[in-house]
Amino acid sequence: MHSFKGREKARRYALQALYGWLLADTPIKDIQAFYLADRNPKNFDLTYFLNLLHNIPAQVGVLDAELTQFLDRPFTHLDPIELTILRIAIYEFKSSFDVPFRVVIHEAVELAKVFGAIDSFKFVNSVLDKCPRIYRPNEVLNYAAS
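Residues numbered from 1 in each chain as written. Predicted model: local features only at pLDDT ≥ 70, side-chain atom pairs only at ≥ 80, totals over all residues. Heavy atoms only, no water.

Q: Just to check I follow, could you spell out the overall build of the protein for this structure?
A: Scanning the protein for helices and strands turns up nine helices and zero strands. In the protein, the succession of helices and strands from N to C terminus is α-α-α-α-α-α-α-α-α. On C-alpha atoms alone, the protein measures out to a radius of gyration of 15 Å, which is about the 15 Å that the 2.2 N^0.38 rule sets for 146 residues. A principal-axis box enclosing the C-alpha atoms of the protein has dimensions of 45 × 35 × 30 Å. The proportion of buried residues among the 146 residues of the protein is 42%. Contacts in the protein between residues at least 24 apart in sequence constitute 72% of all its contacts with a sequence separation of at least 6. Summed over all atoms, the accessible surface of the protein reaches about 7900 Å², with 56% contributed by carbon and sulfur. (Helix = DSSP H or I, 4+ residues; strand = E, 2+ residues; numbered from the N terminus. Rg over C-alpha atoms; globule rule 2.2 N^0.38 Å. Buried < 20%, exposed > 50% of the residue type's maximum accessible area, 1.4 Å probe, protein only. Contact = heavy atoms within 4.5 Å. Areas by Shrake-Rupley, 256 points an atom, 1.4 Å probe, with all protein chains shown as cover.)

Written out as structure tokens, the structure is:
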């Protein structure tokens, strides 16, 4: 089991890698090779990084379609960093049930604070705040009851 910091770094690296994939349309295998050559896999959760790196592009059409329902602006107006953060979070809501919904939102907001425009974290938070009731209704009920 990797630490929270290991997953946090995996998300950060996945954000950077997926952002590069989005802008440069570089094959995922090339991005993976670069990241594994450039970073020590002992310092982050490699399995989680590879999961995000491979599964988000494989499901990008579905993730984008689901994301659209939560947006207050046209999909085409999203900043590439915000879009990548939101894709990671939607993927985690749908697929990473070992990550509590509050952690998914918190980590996305933190990524937006570090990598996004000045107030992008507010936008990311407002979009993701709508997601747990859709993707994790039982978890939300259990959290509210505690």
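Resuming the write-up.
Q: Looking at this structure, how should I read the pattern of salt bridges?
A: It is possible for side chains of opposite charge to pair when their charged atoms get near one another. With the rule as written, the count across this model stands at 13 salt bridges. Of the charged contacts, one joins Glu92 and Arg11 as a salt bridge, the two residues approaching to 2.8 Å between their closest N and O atoms. Pair noted here: Glu92 is in helix α5 (residues 80–95) and Arg11 is in helix α1 (residues 4–24), with a separation of 81 residues, a long-range link. In this structure, Glu92 and Arg11 share a single accessibility class: buried. Through salt bridges with shared partners, one network takes in Arg7, Asp45 and Asp98. (Salt bridge = Lys/Arg side-chain N within 4 Å of Asp/Glu carboxyl O.)

Q: I keep staring at the packing of aromatic side chains and nothing clicks. Help me out?
A: Two descriptors summarise a pair of aromatic rings, namely the distance from one centre to the other and the angle between the planes of the rings. Within the structure shown, the criterion is met by seven aromatic pairs. Consider the rings of Phe34 and Tyr35, whose centres lie 5.3 Å apart with planes at 80 degrees: the pair is edge-to-face. Tyr35 gets classed as buried once you look at its relative accessible area, which sits at 7%. Here Phe93 and Tyr135 contribute two aromatic rings whose centre-to-centre distance is 6.1 Å and whose plane-to-plane angle is 15 degrees, an arrangement assigned as stacked. Of this pair, Phe93 sits in helix α5 while Tyr135 is found in helix α8 (residues 132–135), placing the two residues 42 residues apart along the sequence. For the pair formed by Phe93 and Tyr135, the shared burial category is buried. (Phe/Tyr/Trp six-rings, centres within 6.5 Å; stacked < 30°, edge-to-face > 60°.)

Q: Which parts of the structure should I look at to understand the packing of helix α3 (residues 46–58) against α5?
A: Helices that pack against each other are described as a pair by the angle of their axes relative to one another and the distance between those axes. In contact at an axis separation of 11 Å, α3 and α5 are set at 105 degrees when each is read in the N-to-C sense. Classified by the angle between their axes, α3 and α5 sit roughly perpendicular to one another. Taking contact as the criterion, the partners of Tyr48, Asn51, Leu52, Asn55 and Ile56 in α3 are, on α5, Arg87, Ile88, Tyr91 and Glu92. Its residues assigned to classes, the contact of α3 with α5 comprises five nonpolar, two polar and two charged. (Axes fitted to C-alpha atoms, helices over the stretch in contact; angles between N-to-C directions. Parallel < 35°, antiparallel > 145°, perpendicular 65-115°, else oblique. Nonpolar A, V, L, I, M, F, W, Y, C, P; charged D, E, K, R; others polar.)

Q: So what exactly am I meant to see when it comes to the nonpolar core here?
A: If you look at soluble globular proteins, the nonpolar side chains tend to sit buried side by side. In terms of nonpolar packing, the biggest core is built from 44 residues, with Phe49, Leu67, Ile85, Leu86, Phe93 and Leu128 touching the most fellow members. Of all the elements in the fold, those that place two or more residues in this core are α1, α2 (28–38), α3, α4 (60–68), α5, α6 (101–115) and α7 (120–128). Looking at which element gives the most residues to this core, the answer is α5, with nine residues. If sequence neighbours within four positions are ignored, Leu67 has contacts with Phe75, Leu78, Leu83, Leu86, Ile90 and Val127. (Core = buried A, V, L, I, M, F, W, Y, C linked by side-chain atoms within 4.5 Å.)

Q: It is not clear to me how the environment of Ser95 should be interpreted in this structure. Could you clarify?
A: Mapped onto the elements, Ser95 comes out in helix α5. Residue Ser95 is classed as partly exposed on the basis of its relative accessible area, which comes to 36%. Taking C-alpha positions, Ser95 is 9.8 Å from Asn55, a pair spaced 40 residues apart along the chain.

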